[in-house]
Every structure is written in structure tokens, then in C-alpha cells.
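So the chains spell out like this:
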Amino acid sequence: MTSPSVVFTTDFGLSDAYAGVIKGVALTINPDLRLIDLTHQISPQNVAQGSFLLGLNHRYFPKDAIHVAVVDPGVGTDRRPVLLSTPWGRFVAPDNGLLSCVIAGYLESKPEAAGTVDLPSELSAVHLTNPDYWRHPVSHTFHGRDIFTPVAAHLSLGVAPEELGEAAGSLFYLPMPKPATHDGTITGQVIYLDTYGNLVTNIPTETLPPAESIEVRIKGRSITGLSRTFNDNTYSNDSGLIALTASHGYLEVAVANGNATDLLSAGEGEVVQVVTSSG
């Protein structure tokens, strides 16, 4: 049998050795593993960003993939290391909200405040308490190397989840900010800045009015209409700003062959409004 893929999502970056070391640990336990990087470029300690990207992208991988997700500002504290099993992949991660956007896809009602959430029947979780499947000695500051990656590698060899620790019926949930609609105006915010400087918002495509009737406002700038592509300047404003719905299914603000983040000096949390022609 072919070993399942292990997919890494971390804030380790690429200039240090951390991302390489966890791959070495995985291959030491199972040399036949297929290792894939979703990204190691999550902003440092940005759990919400990691949750968003993991939730958005994990279904592009095989259903038997094992995800090692490490954005862990509370490493070494009493936050739990956990394994979450879903119909579309297994996830080894800290229980700090990093798995929220994965869990959200299975919840009938999504909590609006941070806190523990009971897992629906399709999901199961284990608190990783069995040190037999860890790397020793365990560092207080690098559980990605010593707990999460070894557990994932042992899972790939067929170790059953129940061997790894104690069943957990709930996990910590960190809700993604929701846009609000009032008098024809949708008010959302920037939740992610990609490497091109595009400003990704929390406003889903399916909530938007027809493209030609939209005005997008951000930091005192206005963009009328939605572009189809990054080089469609039909609706660009004088500074080259465009608004569009890209492959991830959310509204974003961009500059064709430019950087909207730099142009606007914008960051995560920036308010974005969508006004209809009647708004």
C-alpha cells in the first residue's frame, strides 16, 4: 500500500531550519511518506489566518491525507495537542482554534464567540496523551517536531487514533468574523494578505449583488463594479484598484500587476464595504 500524504501548514517560514527538520522527523519514522507543503508562510502566531487557509484548502488533497498544522503561540502551555478525524482528512494540531474552519464545514450552527464546541457525529478527536508515539526528549517549544509530526508519521503506518490518547468530545473554536448587511450595504473586513498584496475579505461571493451594480469602498477609495480577472480594468479606479471574486470564493481588492496592500497601506482587519446602486 502507498503511504498517505502528510501535508504541512505552519508559521515556521523558510529562512530557518524548522520546516526542514519536521520533514526529516517524518521520514525517519516512515521513509515512504509523501510530504507536501500547503504553506509555511502563515504570519507568525496568526492562528486565525492559519485556520482560514487550512479550512479553505484542505479539500484539494486526498481524503486520506494527514495534515500537520502548527501555528502554536501557546506551545508548552496547557493547551492540548489533538488529532481531529474528518471525512476529508485527519489533522494533528494544537487545540487553539487552528482547526476551526475545518470544523465549521460540519456545523449546522456556527458559534459567534470563541470557546469550546461539541463535535458533530461526522468528526472525532483524540487528546494526544500517549508519549510512546512522540519524539524524545520533548522540547517545551517545538511540539511540531516532537509531538505533531511523529504522531502524523505513526498514523501513516496504521496506528489507530485510539492508541494515541484519550477521546475528546469538543475542541476550541475560533469563529471567523462575519460580514454584516444593513440598508443595502455589506460591511466586512480584510482577513488575509496574500503574497501578491491582494486584500482578501470575509465577504463570500454568493452574497454579492450583480457585478455591475456594486461599489466597493476601502480606506476612502471607491471601486465601481467587479472585474473578472486581475487584468480586467473595466472597473478599475484611477489608482488601478480593482475588486473581484478570485478562486477562493471571497471578494478581494487588488491592483493589476501591482500591490494593493502597499498602495493602500492596508492590513488585516481593514473595513471593506460593498454598496449596491440603490445603497
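In case you missed it, the structure is sitting above this.
About the thresholds
- Residues numbered from 1 in each chain as written.
- Predicted model: local features only at pLDDT ≥ 70, side-chain atom pairs only at ≥ 80, totals over all residues.
- Heavy atoms only, no water.
- Helix = DSSP H or I, 4+ residues; strand = E, 2+ residues; numbered from the N terminus.
- Core = buried A, V, L, I, M, F, W, Y, C linked by side-chain atoms within 4.5 Å.
- Buried < 20%, exposed > 50% of the residue type's maximum accessible area, 1.4 Å probe, protein only.
- Contact = heavy atoms within 4.5 Å.
- Expected span 1.5 Å × (residues − 1).
- Bend = angle between axes of the 7 residues up to and from the residue.
- Lys, Arg positive; Asp, Glu negative; His and termini not counted.
- Salt bridge = Lys/Arg side-chain N within 4 Å of Asp/Glu carboxyl O.
- Polar contact = N/O pair within 3.5 Å; in protein donor to acceptor, adjacent residues only side chain to side chain.
- Pairing = 2+ DSSP bridges.
- Axes fitted to C-alpha atoms, helices over the stretch in contact; angles between N-to-C directions.
- Phe/Tyr/Trp six-rings, centres within 6.5 Å; stacked < 30°, edge-to-face > 60°.
- Lys NZ or Arg CZ within 6 Å of the ring centre and 35° of its normal.

1. Description of unusual backbone geometry
It is generally the case that most residues other than glycine have a negative phi and that most peptide bonds are trans.
In step 1: In this model, His136 is joined to Pro137 through a cis peptide bond whose omega is 0°.
In step 2: You can see Pro137 is positioned in the loop between strand 7 (124–128) and helix 4 (143–156).
In step 3: The backbone of Asn257 sits at a positive phi, close to 55°, despite the residue not being glycine.

2. Regarding the nonpolar core
In step 1: Membership of the largest hydrophobic core comes to 29 residues, with the highest contact counts inside it found for Phe52, Leu84, Leu99, Ile103, Leu119 and Leu171.
In step 2: Secondary-structure elements contributing two or more residues to this core are helix 2 (47–57), strand 4 (81–86), strand 5 (89–94), helix 3 (100–104), strand 9 (170–173) and strand 11 (185–193).
In step 3: Ranked by residues supplied to this core, first place goes to helix 2 with four residues.
In step 4: Excluding residues that lie within four positions of it along the chain, Ile103 makes contacts with Leu84, Leu119, Leu123 and Leu171.
In step 5: One finds Phe8, Val68, Val70 and Leu83 within the second-largest nonpolar core, a separate group that totals 23 residues.

3. Thoughts on helix 4
In step 1: End to end, helix 4 covers 18 Å across 14 residues, agreeing with the expected 20 Å (1.5 Å per residue, within 8%).
In step 2: Helix geometry: helix 4 is bent most strongly at Thr149, by close to 30°, with proline Pro150 lying one to four residues after it.
In step 3: For helix 4, a buried count of 13 out of 14 residues is recorded, marking the element as mostly surrounded by other parts of the structure.
In step 4: One or two positions beyond helix 4, positive phi appears at Gly158, with a value near 105°.

4. Structural notes on the side chain of Asp194
In step 1: Tracing the sequence through the fold places Asp194 in the loop between strand 11 and strand 12 (199–204).
In step 2: The charged side chain of Asp194 is buried without a salt bridge, its nearest counter-charge being Lys219 at 17 Å.
In step 3: Within the local environment of Asp194, its side chain forms a polar contact with the backbone nitrogen of Tyr196, the two atoms lying 2.9 Å apart.

5. Let's talk about the sheet that holds strand 7
In step 1: Read from one edge of the open sheet, seven strands run 2-1-3-5-4-7-8, paired in mixed fashion. Each of the sheet's edge strands pairs with one partner strand only, and the pair in question is strand 2 (34–39) and strand 8 (165–168). Each neighbouring strand pair of the sheet contributes to a mean axis angle of 25°, computed without reference to strand direction.
In step 2: Strand direction decides the pairing type here: strand 7 and strand 8, joined by four bridges, are antiparallel. Residue His127 lies in a different strand from strand 8, and its bridge partner there is Glu166.
In step 3: Against the sheet, helix 1 (residues 18–29) engages strand 1 (5–10) and strand 2, with an angle of about 155° to strand 2.
In step 4: Along the sheet face, helix 4 touches strand 1, strand 3 (66–70), strand 4, strand 5 and strand 7 and points at about 175° away from the line of strand 3.

6. Observations concerning the packing of aromatic side chains
In step 1: The full count for this structure, using the stated rule, is five aromatic pairs.
In step 2: On the basis of an interplanar angle of 85° and a centroid distance of 5.7 Å, the ring pair of Phe12 and Phe142 is categorised as edge-to-face. You can see Phe12 sitting in the loop between strand 1 and helix 1 and its partner Phe142 sitting in the loop between strand 7 and helix 4, a full 130 residues away along the chain.
In step 3: Residue classification places Phe142 among the buried positions, given a relative accessible area of 10%.
In step 4: Plain terms: the ring middles of Tyr18 and Phe142 are 5.5 Å apart, the flat faces sit at 85° to each other, and that makes the pair edge-to-face. With a gap of 124 residues between them, Tyr18 in helix 1 and Phe142 in the loop between strand 7 and helix 4 connect regions that are remote in the sequence.
In step 5: Following the ring pairs from residue to residue traces out a cluster consisting of Phe12, Tyr18 and Phe142.
In step 6: Geometry around Trp88 places Lys63 over its ring, the cationic atom sitting 4.7 Å from the centre.

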